Amino acid sequence: MRRFAELLDRLVLTPARNGKLTLLVDYLATTPDPDRGLALAALAGDLDIPSVKPAMLRTLVTERMDPVLFGYSYDYVGDLAETISLVWPETSHEEERHDPRLSEVVATLQRAGRSDGPRIFADLLDRLDIPARFALIKLTTGGLRIGVSARLAKQALADLGGKEANEIEELWHGLKPPYLPLFAWLEGRAEKPASAALAMFRPVMLAHPVEDRDLETADPADYAAEWKWDGIRVQATGEGGVRRLYSRTGDDVAPAFPDLLEAMDFEAAIDGELLVGSPSATGSFSDLQQRLNRKSVSTKLATRFPAFMRCYDLLQVGGEDLRPLPFAERRARLEALMASLDPERFDLSPLVPFGSWEDLNARRMSPPHPVIEGVMLKRHDSPYIPGRPKGPWFKWKRDPFTVDAVLMYAQRGHGKRSSFYSDYTFGVWAGDEAAPELVPVGKAYFGFTDEELRQIDKYVRDNTIERFGPVRSVRADMKSGLVLEIAFEGLNRSTRHRSGVAMRFPRISRLRWDKPPAEADRLETLQALLPG
Amino acid sequence: MRARDLLHTRPEGLYCPPGDFFIDPVKPVERALITHGHADHARPGNGKVLATAETLDIMGIRYGEGFAGSMQAATLAEPMQIGDARVTFHPAGHVLGSAQIAVEKDGMRIVASGDYKRRADLTCTAFKPIACDVFITEATFGLPVFRHPDPVDEIARLLDSVRQFPERAHLVGAYALGKAQRVIRLLRDAGYGETIYIHGALAKLCDYYVAQGVDLGPLAPATIETGTKDQFAGAIVVGTPSAFADRWARRFPDPVACFASGWMRIRQRARQRGVELPLILSDHSDWDELTATITETGASEVWVTHGREEALVRWCALNGITAQPLHLIGYEDEGD
Ligand SMILES: [Zn+2]
Ligand SMILES: [Zn+2]
């Protein structure tokens, strides 16, 4: 348990990804089974142990020490788990306590019932030293957020065995803690575990953005184009009655989309985009947001904002792995499969016909739906390769929208920027053409260089008309004011803002010192961009 | 004799009227008794100074020879008469030369602990509990959350990290007097035989410790000789905590920032300082040692100074010991 505790403490304080990786690999290489597998599961959030309530912990500790002294301690440290780990009275002498293995601790916790839970937990705390007590409390109160992503954990496994991370990724969902067959294979003691799991995740293929000269040498005839939808990239997999809906990182997102899951009555693995609405009427981005970041969903919400999948690719049908086949063939197989799927929940991502890059560029700039963020280019002959290979696939995003707005308020930043006015609220003109007023339409705090930051900061200080706390109101009328060119990804309707619009991902793209504020844009320009 | 007639606070520090002297005064006084060489206890400019020979040497190294009008060396455990008070220095186990000071008159004995620790430390003489009526204890780590781990384990953590990151330099921040030498000595005891690089500010004090018989093994200044950063790959570099915030630290390859201090027990403290490897290593007593020491002295009254007084006062109350905070200003410990 001590080594696990030390690993946790070091991971928290090690900023660099490579440093974290070194620590993880070293731990995995020098810790026996099954402890290392359990540790890995704990880090990845896959360890199943009964949880402990903070109130129970507090009771346990104040039964054992003066509540006033506990109060002083908690005030000083600020974190309950850490305080209890530190002040827990040590009944036995340090040398007499042996260091229980993580597997022993986990087994003890799993055996604990509701009634003897507190006593068993207290016994464990008695046996552990301070860092191990901290690890135990964090583990059981669900506070083990230490900046180790599932991806990083899998990379560590790959490094341990000299394998590719994608190989681990493919196996991962078929394995259970403590992953004994996986370690045996990584250490060359056994064959690669068969992907025993039904409906396993297949690492996804991603595209590079089109850069300056990429298209110059590419032949349009080699590529198919389709719209790039701004939903959630998912992989829908059905096998032997098991259905799974994975995010592009391999997380199971099915609980949030039971409506889609219900319609997944196929034996296949489909790559596509999860959207909201119906194939005949794709919903807006704000509709989609109603379904994002939820662990579960009510029937009402699922009816109002139904989820469906726009299918891009077919990776597997029945027992056949299609990934080595060229895109054109996979696409043909996908088209054939579509006929058997529920048309309310699945549709085919249409190809965008084009003759030349200029032609495609024109389509990219005026997509038929606001939730399209550009086009995808896929070579007809490209196999499905996990990761982001350069060449076979490109994404060519629509250029951002821009608007000229006027700086209205500036707020001091945080950290390194705390001495600068670095968060800006900007507005556009609205109302009577002859005597318009500015309405705020958004906030931006990046997109400028350090030098530009200094210039804006000076401008703010020289043109302050009012102050409230960290915020300054800046002179902004028809004659004087600073015009900012704002780039953004799209617009939503908003009832929270007076302007009625909310920008997605706004940032400052240029400072228009040259432009008179009277020539900044009007609200109508933005309103025209709102989805119908 | 009432205790406060034997010792009480004045703006200059803790004053003994029968002996007409101050203990660790924060302002220059005619006669000063000094517990140890840390800057918040030992200040220049006093008339007469009485301290252990090591403490006088250390003050000479830090402030130059003329740091006081006159100096007198105190021998541990040998009582001496100063005016109407009897004074005895006893070892405090804090840093080289550190002492507690016992002051007696008419059957009343008060012990001023100075800073002290109870853990084994090969760089100084071990603390000895002295029976007394009033014990004046420091409380730098006077909260139940402070429980120092075994120093041997902390050094093992450092060596573990050196093994894990052989391409990086480990920069260990440690206070110049006491902590730095203790870290080095602990590394030697753990079998680490490589050259340890030290910041210039540590050189004189390390030399002094060596001259006093504390073997620190091969040391070298942390300066670049060959002009390459790689020289320090895999090395341990010890410097004062302030040096690591300095441009000086940029000479090391992708350094692992370590800090050897009792404060590193609290994770937030490590985070705030950007410490990657906190080493919980203190020259003060932790909570368990403070309370155990109070019990061992048999004191019926405890004055708490220097840190977090309220928790120790509370503990004394729960254990039937009269206690009060002694508000002394100007002690912000240098050597925690
Ligand atoms: Zn001190
Ligand atoms: Zn000190």
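Above this text sits the structure in question.
Residues numbered from 1 in each chain as written. Chains lettered and ligands numbered in written order. Predicted model: local features only at pLDDT ≥ 70, side-chain atom pairs only at ≥ 80, totals over all residues. Heavy atoms only, no water.

What follows concerns the coordination of the zinc ion (ligand 2). Residues and elements named next belong to chain B. At the metal site, the zinc ion (ligand 2) is ligated by His36 (NE2), His38 (ND1), His94 (NE2) and Asp115 (OD), and these contacts range over 2.1 to 2.2 Å. Coordination at the zinc ion (ligand 2) is irregular: its 4 donor atoms span angles of 87 to 168° at the metal. Between consecutive donors of the zinc ion (ligand 2), the numbers of intervening residues give the motif H-x1-H-x55-H-x20-D. (Donors = N, O, S within 2.8 Å, 3.2 Å for Na, K, Ca; no water. Tetrahedral: all angles 85-135°; square planar, octahedral: opposite > 155°, others 65-115°.)

Going through the model one piece at a time under the given rule, you end up with 63 salt bridges over all chains. With its nearest N and O atoms 2.7 Å apart, the salt bridge here joins A:Lys458 to A:Asp462. A residue pair is termed a helical-turn pair when its members lie 3 or 4 positions apart in one helix, as A:Lys458 and A:Asp462 do in helix α18 (residues 450–462) at 4 residues. The exposure classification of A:Lys458 matches that of A:Asp462, with both residues exposed. Note that B:Lys117 is salt-bridged to B:Asp283, the shortest N-O span being 2.9 Å. Taken together, the positions of B:Lys117 in the loop between β10 (108–112) and β11 (134–139) and B:Asp283 in the loop between β17 (277–279) and α7 (287–297) put the pair 166 residues apart, joining distant regions of the chain. Each member of the pair, B:Lys117 together with B:Asp283, is buried. A network of salt bridges, in which partner residues are shared, links A:Asp33, A:Arg36, A:Glu187 and A:Arg189. (Salt bridge = Lys/Arg side-chain N within 4 Å of Asp/Glu carboxyl O. Helix = DSSP H or I, 4+ residues; strand = E, 2+ residues; numbered from the N terminus. Buried < 20%, exposed > 50% of the residue type's maximum accessible area, 1.4 Å probe, protein only.)

Moving on, we come to the pairing of strand β7 (residues 307–317) of chain A. Residue and element names in this part refer to chain A. Most of β7 is tucked away, with 10 of its 11 residues classed as buried. Relative to β7, strand β5 (residues 268–278) runs antiparallel, the two being bridged by 9 bridges. Following the sheet pairing, Ala268 is matched in β7 by Val317. Bridge count for β7 against strand β9 (residues 346–348) is 3 bridges, and the pairing is parallel. Bridged to Met309 within β9 is Phe346. (Pairing = 2+ DSSP bridges.)

Before going further, it helps to spend a moment on unusual backbone geometry. Along the chain, A:Asp33 connects to A:Pro34 via a cis peptide bond; the corresponding omega equals -5°. Tracing the backbone shows A:Pro34 in the loop between α2 (17–30) and α3 (35–44). Residue A:Pro178 is bonded to the preceding A:Pro177 through a cis peptide linkage, with omega at 5°. Turning to its location among the elements, A:Pro178 is positioned in the loop between α11 (165–172) and α12 (180–186). Even without being glycine, B:Ala77 reaches a positive phi, approximately 70°. Positionally, B:Ala77 belongs in the loop between β6 (68–74) and β7 (80–82). B:Ala77 sits in the partly exposed class, given a relative accessible area of 47%. You will see that B:Asp106, though not glycine, has its phi angle at about 50°, which is positive.

All names here are of chain B. Burial runs high along β10: 4 of the 5 residues are buried. Bridge count between strand β9 (residues 99–105) and β10: 5 bridges; the pairing is antiparallel. Among the inter-strand pairings, Val103 is bridged to a residue of β10, identified as Ile110. Connecting β9 to the next strand, β10, in antiparallel fashion are 2 residues, including Asp106 with a positive phi near 50°.

All names here are of chain B. Inspection of helix α5 (residues 203–211) places Leu205, Cys206, Tyr208 and Tyr209 among the buried residues, and these make up the whole buried set. Around the axis of α5, the buried residues are gathered within 160° of arc, so they sit on the same side. Residues Lys204, Asp207 and Ala211 are exposed on α5 and point more than 90 degrees away from its buried face. Buried residues along α5 sit against α2 (53–63), α4 (179–189), β13 (196–198) and β14 (219–221). (Arc of directions from axis to C-beta. Contact = heavy atoms within 4.5 Å.)

Next up on the list: empty space enclosed by the protein. Residue and element names in this part refer to chain A. Under the criterion given, the structure shown has 3 cavities of 30 Å³ or more. By volume, the second largest cavity amounts to about 50 Å³. Looking at the second largest cavity, the residues that line it are Arg202, Thr237, Gly238, Glu239, Glu267, Ala268, Ala269, Gln316 and Gly318. Looking at the lining of the second largest cavity, the elements with two or more residues in it are β3 (232–239) and β5. Ranked by residue count, the leading element in the lining of the second largest cavity is β3, at 3 residues. The residue makeup of the lining of the second largest cavity, split by class, is 2 nonpolar, 4 polar and 3 charged. (1 Å grid on protein atoms, 1.4 Å probe; cavity = no way out; pocket = protein on both sides within 12 Å on 5 of 7 lines; lining within 4 Å. Points joined across faces, edges and corners; volume = space filled by probe spheres on them. Nonpolar A, V, L, I, M, F, W, Y, C, P; charged D, E, K, R; others polar.)

Taken residue by residue, the interface counts 31 residues in chain A and 30 residues in chain B. Taken over both partners, the interface formed by chain A and chain B buries close to 2,600 Å², and the fraction arising from carbon and sulfur atoms is 55%. A per-residue breakdown of the area chain A buries against chain B is headed by A:Arg10, A:Leu13 and A:Tyr76, which together make up 27% of the total. Summed over the shared surface of chain A and chain B, the number is 5 salt bridges. The shortest N-O distance in the salt bridge between B:Arg267 and A:Glu82 comes to 3.4 Å. Applying the counting rule to chain A against chain B returns 11 residue pairs in polar contact (both at pLDDT 80 or more). (Buried area = accessible area lost by both parts, 1.4 Å probe. Polar contact = N/O pair within 3.5 Å; in protein donor to acceptor, adjacent residues only side chain to side chain.)

Taking 1.5 Å per residue, 14 residues should reach 20 Å; α2(A) reaches 20 Å between its end C-alpha atoms and fits that length. Residues of α2(A) that are buried include every one of A:Gly19, A:Lys20, A:Leu21, A:Leu23, A:Leu24, A:Val25, A:Asp26, A:Tyr27 and A:Leu28, and no others. Buried-residue contacts for α2(A) involve α1 (2–13), α3, α7 (102–111), α10 (150–161) and α12 of chain A together with α3 (151–164) of chain B. (Expected span 1.5 Å × (residues − 1).)

Function-wise, these values are silent; they only describe arrangement.
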